[in-house]
Amino acid sequence: MRKELFKHNWDFILYEEDENKIFRVVFYQSFTDTSREFKLQGEELDYDFEQLKVLAEDIRSNYENYKDREIVE
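Residues numbered from 1 in each chain as written. Predicted model: local features only at pLDDT ≥ 70, side-chain atom pairs only at ≥ 80, totals over all residues. Heavy atoms only, no water.

Quick notes on helix α1 (residues 49–61)
Phase 1: End to end, α1 covers 19 Å across 13 residues, agreeing with the expected 18 Å (1.5 Å per residue, within 8%).
Phase 2: Among all positions of α1, only Leu52, Leu55, Ala56, Ile59 and Arg60 are buried. End-on, the buried residues of α1 take up no more than an arc of 135°, which puts them together on one face.
Phase 3: The secondary structure elements touched by the buried residues of α1 are β1 (3–8), β2 (12–17), β3 (20–28), β4 (33–39) and α2 (63–66).
Phase 4: Residue Asp48 occupies the N-cap position of α1, its side-chain oxygen lying 3.2 Å from the main-chain nitrogen of Glu50. (Helix = DSSP H or I, 4+ residues; strand = E, 2+ residues; numbered from the N terminus. Expected span 1.5 Å × (residues − 1). Buried < 20%, exposed > 50% of the residue type's maximum accessible area, 1.4 Å probe, protein only. Arc of directions from axis to C-beta. Contact = heavy atoms within 4.5 Å. Polar contact = N/O pair within 3.5 Å; in protein donor to acceptor, adjacent residues only side chain to side chain.)

Structure follows, in structure tokens:
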């Protein structure tokens, strides 16, 4: 079961699920917004709210650097 830890509307939601932290980031496109989920690792697991805001922007700007951690259903 997912537990919501942090939420910043229209930016991201951080969940905890089965001892994993899942980071859902909103990607803005011209007519539709989409979200993608990534598994956090290392120091990211302890990020505070402000650090998560920076991480969300970095993921949007540098998607290729995080693509290998994307959770695809």
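Quick look at the environment of Trp10
Phase 1: By the secondary structure assignment, Trp10 is in the loop between β1 and β2.
Phase 2: On a C-alpha basis, the gap between Trp10 and Val26 in space is 6.3 Å, while along the polypeptide they are 16 residues apart.
Phase 3: Trp10 has contacts with Val26, Tyr28 and Asp33, leaving out every residue within four places of it along the chain.

Here's the deal with the nonpolar core
Phase 1: Within the largest apolar cluster, 13 residues are counted, with the highest numbers of intra-cluster contacts made by Phe23, Val25, Phe38 and Ile59.
Phase 2: Within the residue set of this core, elements represented by two or more residues are β2, β3, α1 and α2.
Phase 3: Looking at this core, the element that brings in the most residues is α1, giving four residues.
Phase 4: Ignoring anything within four residues of it in the chain, the contact list for Ile59 reads Phe23, Val25, Phe27, Phe38 and Tyr66. (Core = buried A, V, L, I, M, F, W, Y, C linked by side-chain atoms within 4.5 Å.)

Re the pattern of salt bridges
Phase 1: Going through the model one piece at a time under the given rule, you end up with seven salt bridges.
Phase 2: Here Glu37 and Arg24 are joined by a salt bridge, their closest N and O atoms 2.6 Å apart. Separated by 13 residues along the polypeptide, Glu37 in strand β4 and Arg24 in strand β3 bring together distant segments of the chain.
Phase 3: With a closest N to O distance of 2.6 Å, Arg69 and Glu44 form a salt bridge. Here Arg69 is found in the loop between α2 and β5 (70–71), whereas its partner Glu44 is found in the loop between β4 and α1, with 25 residues between them in sequence. The pair Arg69 / Glu44 is uniform in exposure class, with both members buried. (Salt bridge = Lys/Arg side-chain N within 4 Å of Asp/Glu carboxyl O.)

By themselves these figures say nothing about function.
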